[in-house]
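Analysis of the macromolecular model
Next come the chains, spelled out residue by residue.
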Amino acid sequence: MTDVADDRTHLVEELVPVILAKVPQPVWLVDALGNLQYSNPAALAAVGYASLDEVIGRNSHQLVHHSHRDGSPYPVEECPMLSPSRNGRVSRGEEWFIRKDGTFFPISYVSAPIELPGGRGTVLSFADVTERYALQRSIRERDAAEVRRREAAQSHRRLMEEVAAARKQIVRDLHDGAQQRLVNLTISLGLLSESLNEPSPHAALIASAMEDAQAAIVELRRLAAGIHPPALSSDGLLAALEALRDHSQLPVHVRGALGTRRLPPVVELNAYFIASEALTNAAKHARATSVSIAADVVDGVLRLVISDDGVGLGEATPGSGLTNMRDRAAALGGQVEIQSRPDEGTRLTVRIPVSG
């Protein structure tokens, strides 16, 4: 039995170098002084050397681990991969090796103590993890890009909200300021006209001034409506779309499940202006005879569908305002889709998240 055991031992001893030469995992052996005593072909290839003669007997730390990535020295006493020869404990982790050509590459390693004739050494197994690092970097860059995208989207939405609030404030200021002054002026002119007991050479001038003041009020109200529609402020998006219908030169059918539901002001305002632009396109470019507008909220997203029976509206149609519409929706995290074919009409689908 002893002879059989001895034969088996010798066989294993003979096979170990053969096995190590075949395995794809880089493996090498370092003696108690830190000098390299063995390296399998996979380890040589990983660090860029062609033969054992180039590395055997050389200090392993000075060979592949002498510097940090920033170029500063890496003291051998701090090398975790050689610590098993000092403390007898297994060490594992990740480090950076230096190839023969001076380039760095990341490794994952396991280092274990091994008793050698000259004292306790270290057997090291490592793997090049460049691809994993690249994948991790790609994931980090993707995540950072997503954070930047979200921050940009939130910034755009805040800007649009500020614009919507500013528009509403301008209309309020016009109503409480300039418009009220013009109303007071027409009242004063009316009182002045009534105070004239007999025909006066100034009567015609006063009447003309009253007409100008009243015309200015009408113009001011039209201007204010263009900045922020009054129906939008008081009754919401559906009412504002119905007001668009009432002033449109085309027959417009408005339907929706919004009712009196109020959406964020910035969403209502931009949806309104997109619809207004679409109605202008239908009349001016598509030569439509009718338009339908449908508005509803599904899963927290406002969906606005505007369809006409015109000749079709292409992406390159000059003056169509499609870029402006898309920009409005995109600034709120939404999108605009256009479906249009010659003589088959145009269908515009707008989706805007109700909340940012």
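Rules of the game
- Residues numbered from 1 in each chain as written.
- Predicted model: local features only at pLDDT ≥ 70, side-chain atom pairs only at ≥ 80, totals over all residues.
- Heavy atoms only, no water.
- Helix = DSSP H or I, 4+ residues; strand = E, 2+ residues; numbered from the N terminus.
- Rg over C-alpha atoms; globule rule 2.2 N^0.38 Å.
- Buried < 20%, exposed > 50% of the residue type's maximum accessible area, 1.4 Å probe, protein only.
- Contact = heavy atoms within 4.5 Å.
- Areas by Shrake-Rupley, 256 points an atom, 1.4 Å probe, with all protein chains shown as cover.
- Lys, Arg positive; Asp, Glu negative; His and termini not counted.
- Charge placed at Lys NZ, Arg CZ, Asp CG, Glu CD.
- Axes fitted to C-alpha atoms, helices over the stretch in contact; angles between N-to-C directions.
- Parallel < 35°, antiparallel > 145°, perpendicular 65-115°, else oblique.
- Left-handed = near helix turned anticlockwise from the far one by under 90°.
- Nonpolar A, V, L, I, M, F, W, Y, C, P; charged D, E, K, R; others polar.
- Salt bridge = Lys/Arg side-chain N within 4 Å of Asp/Glu carboxyl O.
- Pairing = 2+ DSSP bridges.

1. Details of the overall build of the chain
- Broken down by element type, the chain carries ten helices and ten strands.
- By the compact-globule yardstick of 21 Å for 356 residues, the chain is too spread out, its C-alpha radius of gyration being 40 Å.
- By its C-alpha atoms, the chain is 140 × 45 × 35 Å across when sized along the principal axes.
- Expressed as a percentage of the 356 residues in the chain, the buried residues total 35%.
- In the chain, of all internal contacts separated by at least 6 residues, the share reaching a separation of at least 24 is 57%.
- By element, 54% of the accessible surface of the chain is carried by carbon and sulfur atoms, the whole surface being about 20500 Å².
- Side chains of the chain carry 37 positive and 44 negative charges; the gap between the two charge centres is 3 Å.

2. A look at the packing of helix H9 (residues 265-284) against helix H10 (residues 322-330)
- Contact geometry for H9 and H10: axes closest at 10 Å, N-to-C directions at 165°. Considered as vectors, H9 and H10 are oriented roughly antiparallel to each other. As H9 packs across H10, the resulting crossing turns out to be left-handed. Within the contact between the two elements, H9 uses Asn270, Phe273, Ile274, Glu277, Ala278 and Asn281 and H10 uses Asn324, Met325, Arg328 and Ala329.
- Across the contact of H9 with H10, the residue classes break down as five nonpolar, three polar and two charged.

3. What about the pattern of salt bridges?
- In the structure shown here, the tally under the stated rule is eight salt bridges.
- Here Glu268 and Arg262 are joined by a salt bridge, their closest N and O atoms 2.7 Å apart.
- Residue classification places Glu268 among the buried residues on the basis of a relative accessible area of 2%.

4. Re the sheet that holds strand S4 (residues 104-116)
- As summarised here, the arrangement of the five strands in space is S2-S1-S5-S4-S3, forming an open sheet in which the pairing is antiparallel. Edge positions in the sheet fall to strand S2 (36-39) and strand S3 (91-98), since each has one partner strand and no second. Across this sheet, the average inter-strand angle for adjacent strands is 30°, counted without regard to direction.
- Taken together, the eight bridges between S3 and S4 define a ladder with antiparallel strand orientation. When the bridges of S4 are listed, Glu94 appears paired with Ser108.

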